[in-house]
Amino acid sequence: MELVKNTRIDFMSLKKYAFAVSAALTLLGLFGTVQVYRGQANLGIDLAGGTSMQLKFQKPIAMDEVRGILAKAGHKEATLQGVPGENILLIKLRAGANSEEKMVADPIVNLLKSSFPSNPFVVESVSEIGPAIGHKLRQDAALALAVSALAIIVYLAWRFEFKFGVAAAIATFHDIFAMVGIFYIFGIEKDLLFITALLTIGGYSLTDTVVVFDRIRENVRLRKKGTFSETINLSVNEVLSRTIVTSLTVFIATVSLLVFGGIVLHNFALALAIGILIGTYSSIFVASPVVALWRGEKMTEVKR
Amino acid sequence: MWKSITWRVTLIAVLTAVSIVVLAPSLTDSLPGTWKEKMPRINLGLDLQGGVFLRLAVEIDKAIENTILRYADDARSVCREKGLPVLSFQKAGADGFSFRFPPGDFAARAQATLKEEFPSLEVSLGEVKADGASVTARMKPAEVQAIRTNAVVQGVETIRNRIDQFGVTEPQIIAEGEDRIVVQLPGVKDQQRAIELVGKTALLEFKLVDEGASLDEATKGSVPEDSQLLYQKSVDPQTGRATKTPMLVKRRALLTGDTIKTAKVNFGNQAGGAYVSLSFDSRGAKVFDRVTAENVKRRLAIVLDDTIYSAPVIQERISGGEAQITGNFTADEASDLAIVLRAGSLPAPVKVIQNVSIGPSLGADSIQKGIRAALIGALLVVLFMALYYRFAGLVADFALVFNILFLLAGMAAFSATLTLPGIAGIILAIGMAVDSNVLIFERIREELRAKKTVRAAIDAGYDKAFWTVVDSHVTTLITAVILFQFGTGPIKGFAVSLSMGVAINLFTALVCTKVVFDYLNAKKPMQTLSI
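The sections below set out a description of the structure shown in this document. (Residues numbered from 1 in each chain as written. Chains lettered and ligands numbered in written order. Predicted model: local features only at pLDDT ≥ 70, side-chain atom pairs only at ≥ 80, totals over all residues. Heavy atoms only, no water.)

## A few points about the overall build of chain A
Applicable threshold: Numbering goes from the N terminus for both helices and strands, where a helix is a DSSP run of H or I of at least four residues and a strand is a run of E of at least two. Residue burial is assigned from relative accessible area. The probe radius is 1.4 Å, only protein chains are included, and a residue is buried under 20% of its type maximum, exposed over 50%, and partly exposed in between. Pairs of residues are marked as contacts when any of their non-hydrogen atoms sit within 4.5 Å.
When helices and strands are counted, chain A shows 10 helices and 4 strands. Sequence-ordered secondary structure for chain A, helices as α and strands as β, is α-α-β-α-β-β-α-β-α-α-α-α-α-α. The principal-axis extent of the C-alpha atoms belonging to chain A is close to 80 × 45 × 30 Å. When burial is assessed residue by residue, chain A has 57% of its 304 residues classed as buried. A separation of at least 24 residues holds for 80% of the contacts in chain A among residues at least 6 apart in sequence.

## Observations regarding the interface of chain B and chain A
The cut-off we apply is this: Buried area: the accessible surface (1.4 Å probe) lost by two parts on joining, summed over both. Any carboxyl oxygen of Asp or Glu that lies within 4 Å of a side-chain nitrogen of Lys or Arg is treated as forming a salt bridge with it. As used in this structure description, the phrase polar contact means that two N or O atoms lie within 3.5 Å; if the pair is within protein, one of them must be able to donate a hydrogen and the other to accept it, and residues adjacent in sequence are counted only when both atoms belong to side chains. Each residue is assigned to one class: nonpolar for Ala, Val, Leu, Ile, Met, Phe, Trp, Tyr, Cys and Pro, charged for Asp, Glu, Lys and Arg, and polar for all the others, Gly among them.
Across the contact, 63 residues belong to chain B and 68 residues belong to chain A. Here chain B packs against chain A, burying approximately 5,600 Å² in sum over the two surfaces, 66% of which is carbon and sulfur. Among the residues of chain B in contact with chain A, Tyr388(B), Asp471(B) and Phe486(B) are the three that bury the most area, contributing 11% of the side total. At the boundary of chain B and chain A, one finds 4 salt bridges. A salt bridge links Asp435(B) to Arg242(A); the nearest nitrogen and oxygen atoms lie 2.8 Å apart. The interface formed by chain B and chain A includes 14 residue pairs in polar contact (both at pLDDT 80 or more). Residue assignment for the side of chain B that touches chain A shows that the elements contributing at least two residues are strand S18 (350–358), helix H11 (360–413), helix H12 (420–449), helix H13 (454–486) and helix H14 (490–523) of chain B. Each residue belonging to the side of chain B that touches chain A can be placed in one class, and the counts come to 34 nonpolar, 15 polar and 14 charged.

## Observations regarding a negative patch on the surface
As a reminder of what qualifies: Grouping into patches uses exposed residues only, defined as over 30% relative accessible area, and leaves out salt-bridged ones; the cut-off is 9 Å for like charges and 5 Å for nonpolar side chains (Val, Leu, Ile, Met, Phe, Trp, Tyr). All accessible areas in this document rest on Shrake-Rupley with a 1.4 Å probe, and a residue is counted as covered only by the protein chains that are shown. Working convention for charge: Lys and Arg count positive, Asp and Glu count negative, and His plus the chain ends are omitted. Charge positions are represented by NZ for Lys, CZ for Arg, CG for Asp and CD for Glu.
On the surface, a cluster of negative charge is contributed by Asp106(A), Asp190(B), Glu196(B) and Glu333(B). On the accessibility criterion, Glu196(B) (45% relative accessible area) is partly exposed.

## Some thoughts on the pairing of strand S2 (residues 79–83) of chain A
Residue and element names in this part refer to chain A. Where we set the bar: By definition, two strands form a pair when at least two bridges between them are found by DSSP.
The sheet contact formed by S2 and strand S3 (residues 88–94) spans 5 bridges and is antiparallel. Along S3, the bridge assignment pairs Val83 with Ile88. Where S2 hands over to S3, the hairpin turn is made up of 4 residues, of which Gly85 adopts a positive phi near 80°.

## Examining the pairing of strand S6 (residues 132–139) of chain B
As a general feature of sheets, a regular strand has side chains that alternate between the two faces. Residues and elements named next belong to chain B. Taking burial as the measure, the 8 residues of S6 include 7 buried ones, the bulk of the element. Direction of pairing for strand S5 (residues 121–129) relative to S6: antiparallel, over a ladder of 7 bridges. Residue Glu122 lies in a different strand from S6, and its bridge partner there is Arg138. In sequence, S5 turns back onto S6 through a hairpin of 2 residues.

## Topic: a nonpolar patch on the surface
Residues and elements named next belong to chain A. On the surface, Leu3, Ile244 and Leu248 cluster together to form a nonpolar patch covering roughly 220 Å² of accessible area. Topologically, Leu248 is positioned in helix H8 (residues 228–260). The class of Leu248 is partly exposed, set by a relative accessible area of 30%.

## Thoughts on the sheet that holds S18(B)
For clarity, the threshold we go by: For helices, the axis comes from a line fit to the C-alpha atoms of the stretch in contact; other axes are also lines fit to C-alpha atoms, and the angle between any two N-to-C directions lies between 0 and 180 degrees.
What the 8 strands build is an open sheet, ordered S2(A)-S3(A)-S1(A)-S4(A)-S18(B)-S2(B)-S8(B)-S7(B); its pairing is antiparallel. Each having just a single partner strand, S2 of chain A together with strand S7 (172–176) of chain B make up the two edges of the open sheet. When strand polarity is set aside, the average angle formed by the axes of neighbouring strands in this sheet is 20°. In this sheet, S18(B) lies alongside strand S2 (residues 51–58) of chain B in antiparallel orientation, the contact comprising 8 bridges. Paired with Val58(B) across the two strands is Val350(B), which belongs to S18(B).

## Notes on the sheet that holds S5(B)
Residue and element names in this part refer to chain B. With antiparallel pairing, 4 strands are arranged side by side in an open sheet as S3-S4-S6-S5. Only two strands of the sheet have a single neighbouring strand rather than two, namely strand S3 (88–91) and S5. Direction aside, neighbouring strands of the sheet carry axes that sit 20° apart on average. Taken together, the 6 bridges between strand S4 (residues 96–101) and S6 define a ladder with antiparallel strand orientation. Bridge pairing in S6 places Phe101 opposite Ala133. Sitting on the sheet, helix H4 (residues 60–81) is in contact with S3, S4, S5 and S6, with an inclination near 25° to S4.

## So, the packing of aromatic side chains
For any pair of aromatic rings, the description rests on two quantities: the centre-to-centre distance and the angle between the ring planes. Residues and elements named next belong to chain B. This is how it is decided: The aromatic pairing rule takes the rings of Phe, Tyr and Trp, using the six-membered ring of Trp, and pairs them if the centres are within 6.5 Å, calling planes under 30 degrees apart stacked, those over 60 edge-to-face and the rest tilted. Placement of a positive charge over a ring is assigned whenever Lys NZ or Arg CZ falls within 6 Å of the ring centre and within 35 degrees of the normal to the ring plane.
The full count for this structure, using the stated rule, is 30 aromatic pairs over all chains. With centroids separated by 5.2 Å and ring planes inclined at 70°, the aromatic side chains of Tyr389 and Phe441 adopt a geometry described as edge-to-face. Of this pair, Tyr389 sits in helix H11 while Phe441 sits in helix H12, and the two are 52 residues apart along the sequence. Each member of the pair, Tyr389 as well as Phe441, carries the same accessibility label: buried. Following the ring pairs from residue to residue traces out a cluster consisting of Phe384, Tyr388, Tyr389, Phe441, Tyr462 and Phe517. The ring of Tyr231 carries the charged tip of Lys244 above its face, separated from the ring centre by 5.3 Å.

## Looking at the pattern of salt bridges
Residues and elements named next belong to chain B. On inspection of all chains with the given rule, the structure shows 31 salt bridges over all chains. Measuring nitrogen to oxygen at the nearest pair gives 2.8 Å for the salt bridge that ties Arg193 to Asp336. Residue Arg193 is found in helix H7 (residues 191–199), and its partner Asp336 is found in helix H10 (residues 331–343); the two are separated by 143 residues along the sequence. Ionic pairing is found between Glu294 and Arg290, a salt bridge with its closest N-O pair at 3.7 Å. Here the residue Glu294 and the residue Arg290 both occupy positions in helix H9 (residues 282–294), the gap between them amounting to 4 residues, near one helical turn. Residues joined in a network through salt bridges with shared partners are Arg8, Asp459, Lys514 and Asp518.

## Details of the packing of helix H1 (residues 15–38) of chain A against helix H6 (residues 162–185) of chain A
Helix-helix packing is characterised by the crossing angle of the two axes and by the distance between the axes. Residue and element names in this part refer to chain A. Basically, it comes down to this: Convention used here: angles under 35 degrees read as roughly parallel, angles over 145 as roughly antiparallel, angles from 65 to 115 as roughly perpendicular, and any remaining angle as oblique. In this scheme the handedness of a crossing depends on how the near helix is turned from the far one: anticlockwise by less than a right angle means left-handed, clockwise means right-handed.
Between H1 and H6, the least distance of the axes is 7 Å, while the angle of their chain directions is 70°. Between H1 and H6, the angle is such that the two are roughly perpendicular. The crossing of H1 and H6 is left-handed. For the pair H1 and H6, the contacting residues are Ser22, Leu25, Thr26, Leu28, Gly29, Leu30, Phe31, Gly32, Thr33, Gln35 and Val36 in the first and His174, Phe177, Ala178, Val180, Gly181, Ile182, Tyr184 and Ile185 in the second. A breakdown of the residues in the contact of H1 with H6 according to their chemical character gives 11 nonpolar, 8 polar and no charged.

## Here we look at the nonpolar core
The condition that has to hold: Remark: nonpolar core denotes a set of buried residues (Ala, Val, Leu, Ile, Met, Phe, Trp, Tyr, Cys) joined through side-chain atoms within 4.5 Å.
Counting 143 residues, the largest nonpolar core has Phe213(A), Phe228(A), Met385(B), Tyr389(B), Phe441(B) and Ile444(B) as its most contacted members. Per-element accounting of this core gives the leading share, 20 residues, to H11(B). Discounting residues that sit within four places of it in the chain, Phe228(A) has contacts with Phe164(A), Ile216(A), Val220(A), Val291(A), Ala292(A), Arg295(A), Gly296(A), Glu297(A), Lys298(A) and Met299(A). Within the second largest apolar cluster, 77 residues are counted, among which are Phe97(B), Leu114(B), Ile195(B) and Val350(B).

See the structure below:
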């Protein structure tokens, strides 16, 4: 069986459109990133600080009633989420920007216990994080991203050449920003697992890019005629079936995670799934065109 | 050729045998005792078995402040003994205090005395004025630094002692950075109780009740300089309602908990409840004896972390070195109190800045969902490969089985902690595991299209894909290692399984599959390849 056979798609001629799309995604992502860093985006409580609780009731719960009770106790900003059919209630309280690091889970549990005497519940999980920790975790994440980028550029500069390394890093960051942008636009919660997903996708997309670069280098050595863009087109087409098959297997695995992994892993799996699509796109439409623009069309050999 | 095949098959067989030996204890309990005990095991993370994760901030400044206040107290006593009248006391910055003395040579004499008595203080004489002079004492920097280090190191030690007595298997208590302590208690069911046990400063003090001053005035805000307003908390056993009674006590502690030798729970006081009996060491017993002798008929407040537990009237001199703390305790409360008293007080108060508690039922639910997702994901990938690459796909699937086996065994060997994100990492590793084979197979297809013989195509495919495979794996490995270095908690777990998966991938993709093709070719060169 073969999904793609002997394609001759002129990817390089599509680069205008690709660059427009990518620029929009990256700008959106940059804006989203700034918002995340300022703590303005929909951040999970592990990044923003605050309290989240998962309660499992015996009987169905009236969310409005819970909301009213919490508001009366001074927790107007609480967000509630129910898991249909399972009588599970998720309560999230974000810590204010300059609020004290205080723990509120206990009083809330007691409040709900006395408010619903006929509908007992068990506390399945509690997570309370002070805003200072949230801030530190955000900084750590930013640092991890920066160090990864540097390490990758160094490795690829050594294995290929500097321009390839930088282009790969650009493609990788393009993916990370695009994911942040998409999650920001749709208001999906961004937590520590989301950052994990970002770095994973960074690594994955890089793998994809490296495979294309490898083939470009090989083809540059074999063909002395023609333009660099033609070589890129040839190389991308040659590895296209591999790119699609690999993306498909990884995509299958993450979709399984998305569907069967439960609520805890839902956003994480979603981020991975979206990221794989973006990573595949960027290794075709972003990484190599950047190299072509930078290197020019002359067929000079890629040093090793 | 045969030699090389035998060699590789032997290597795979040995690795498989070792993996099974290492992995078995993590999967089943029905193994011979020594095997189970000697072998490391995959630990389940808190998210998979329930438990508590706490990050505590040690309030070092409070420890420094407490120390300097204690120095000030002692210094004042010394001055009083030498007949040097201290007019007033003032804090001087975070780590010092100053005394004012009346005119004359009092200040100079005080300076000399304090210098001699307290070698860890720097004592300096202030400006001499007509109405007197002041003496400022400051802790030496080395002393401040010692308190800083000690606050965290001793805090970890104290909490570990408490947890050991509380009875948690495999707790993890470690210092983090300069002023943080991370406590992980897997499998703890009564989580609130555990949190309270860890977070209590457990500074036990015996203080005289100040009966000279008016309590009314004090609650309105005018507390005498050498006294403080504390509250006695009592819980009505019938209604469960807590009441707080204000009480004025002397600021100076007559005796503190560091002289306690043992603390145990007893039952059957007047109310029939539990109480804690203490016995002091010889120094404490001596002090207690003197204190009770001097203060018969006065009330002595037993203060733990600035809350009064009881304030009995001293009926007579107590010389045996024993005391009791009564209160409306439940058996659990009394036993926790005894634990913290035995384990000693924290050198500085701690504040819980991160608390993640996961109930055991959620853990069980998560692990079930995670494993199901992993199995389904793996199965789908296996099916896809078999459909897409036919026979070669089956060979890749065969390698995948070893891949998963080696990965789990590797995690067991390093006693890695399996978390929910870790399971996600395994799933992702499975997805990427076949990537190397895809790369190789696509190359082989190209070579076959170029009309090479099957055997040559396979060799060329592996050769040409080799560096691509290495490059792609190394880059992923770089991000995984960085994730491990900078990540915390769930991210670390994910990074561990991902990086191990990537490394094992390299081996299974390049060695396990190739040996199958080589074996078939060695018997009789293949004419066709289903790929």
